[in-house]
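# Structure assessment
Chain residues, written in single-letter form:
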Amino acid sequence: TTDTVSYGDPQAGYYAGLYTGGVYDVYIDDDCEFYDNHRGGISGAGTTIYVGRAKFRDSGSFSKMGFPDYGDTTQYAINIEDTHCSKLIVNGAEFKNLKQAILGNLRKLDVTDCDFKNVEITGVMSYGCAISNIKNNTFDKVGRAFNVEQRHNLYTQKQFFADSNVIRNSSIGFDSSNFPK
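Every value quoted in this text rests on a predicted model; they were computed, and no experiment measured them. (Residues numbered from 1 in each chain as written. Predicted model: local features only at pLDDT ≥ 70, side-chain atom pairs only at ≥ 80, totals over all residues. Heavy atoms only, no water.)

## With respect to the pairing of strand β8 (residues 76-80)
Every regular strand shows the same layout, with side chains that alternate between the two sheet faces. Threshold: The classification of residues rests on relative accessible area computed with a 1.4 Å probe and restricted to protein chains. Under 20% of the type maximum is buried, over 50% is exposed, and intermediate values are partly exposed. A run of DSSP states H or I qualifies as a helix once it reaches four residues; a run of E qualifies as a strand once it reaches two. Both are numbered from the N-terminal end. For two strands to be treated as a pair, DSSP must find at least two bridges joining them.
Within β8, five of the five residues are buried, leaving the element largely enclosed by the surrounding structure. Here β8 pairs with strand β10 (residues 94-104) via four bridges, running parallel. Paired with tyrosine 76 across the strands is glutamine 100, a residue of β10.

## Thoughts on the sheet that holds strand β15 (residues 159-163)
Keep this limit in mind: Each axis is a line fitted through C-alpha atoms, taken for helices only over the stretch in contact, and angles between the N-to-C directions span 0 to 180 degrees.
The strand order β3-β6-β9-β11-β13-β15 describes an open sheet built from six strands, whose pairing is parallel. In the strand order of this sheet, the two ends are held by β3 (25-28) and β15, each with one partner. Strand-to-strand twist across the sheet, computed as the mean angle between neighbouring axes with direction ignored, equals 5°. By the bridge criterion, four bridges tie strand β6 (residues 48-51) to strand β9 (residues 87-91) in an arrangement that is parallel. By the bridge assignment, threonine 48 is partnered in β9 with lysine 87.

## Considering the nonpolar core
For soluble globular proteins, the rule of thumb is that nonpolar side chains tend to be buried together. Defined as follows: The term nonpolar core refers to a set of buried residues drawn from Ala, Val, Leu, Ile, Met, Phe, Trp, Tyr and Cys, joined through side-chain atoms within 4.5 Å.
Core analysis: the largest hydrophobic core is formed by 33 residues, its most contacted members being Phe56, Phe95, Ile102 and Phe116. Of all the secondary structure elements, the ones that give two or more residues to this core are β3, β6, β8, β9, β10, β11 (108-112), β12 (115-127) and β14 (138-149).

## Thoughts on the side chain of asparagine 165
Stated precisely, the cut-off is as follows: For the purposes of these results, a polar contact is taken to be a pair of N or O atoms within 3.5 Å, where, inside protein, one atom must be able to donate a hydrogen and its partner to accept one; residues adjacent in sequence count only when each atom of the pair is a side-chain atom. Two residues qualify as a contact provided that any one of their heavy atoms is within 4.5 Å of a heavy atom in the partner residue.
The residue asparagine 165 is located in the loop between β15 and β16 (166-168) in this model. Residue class for asparagine 165 comes out buried when judged on its relative accessible area of 19%. Engagement of the side chain of asparagine 165 in a polar contact is seen with the backbone nitrogen of asparagine 136, the distance being 3.5 Å. Beyond its immediate sequence surroundings of up to four residues, asparagine 165 is in contact with Ile134, Lys135, Asn136, Asn137, Phe139 and Phe146.

## Concerning the packing of aromatic side chains
What counts is decided by this rule: Pairing of aromatic rings covers Phe, Tyr and the six-membered ring of Trp, with a centre-to-centre limit of 6.5 Å; geometry is then stacked below 30 degrees between planes, edge-to-face above 60, and tilted otherwise.
Within this structure, the stated rule accounts for seven aromatic pairs. Here tyrosine 27 and tyrosine 50 contribute two aromatic rings whose centre-to-centre distance is 4.9 Å and whose plane-to-plane angle is 10°, an arrangement assigned as stacked. Highlighted residues: tyrosine 27 in strand β3 and tyrosine 50 in strand β6, separated in sequence by 23 residues. Residues phenylalanine 34 and phenylalanine 56 carry aromatic rings whose centres are separated by 4.9 Å and whose planes lie at 5° to one another, so their mutual orientation is stacked. You can see phenylalanine 34 sitting in strand β4 (residues 33-35) and its partner phenylalanine 56 sitting in strand β7 (residues 55-57), a full 22 residues away along the chain. Of the aromatic side chains, those joined through ring pairs into one cluster are Phe34, Phe56, Phe95, Phe116, Phe139, Phe146 and Phe160.

Dropping the structure here:
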């Protein structure tokens, strides 16, 4: 099915468009749209979350709904952290006119064949992931195309793979202060 997820009332839009807490596996089927949301599109957790060719746009401070700007940390299109989720797979999604796109703090993060355009701060934040695969994506006008931060020692062997990405008018970032020397 194709669904459009958005809040029409600025007073109702202070949460994500879809909260998946407590669900075992979550599949966001192709061609869903998430836009004009205050905090973004997807938050919460399932054991595995798959996001197909969904579109995330015009949310957070880019929303036309007039939401207050509570800073960058509340405005991810996909925010999966501090949950029991073990795997996030994002394949072929589009992220446009956002403060931040993806935050993953889980065992495995796969982001492939996605298009990131006009994302103010971060396209993909690998935040304490054991394994991150960022492959075949296009980043254009993204503050940091991808950023790797290791903030805790939950996973002792951390692996980050970035392959065949196109990065224009963007940077990349690695927080090496928390990696073993």
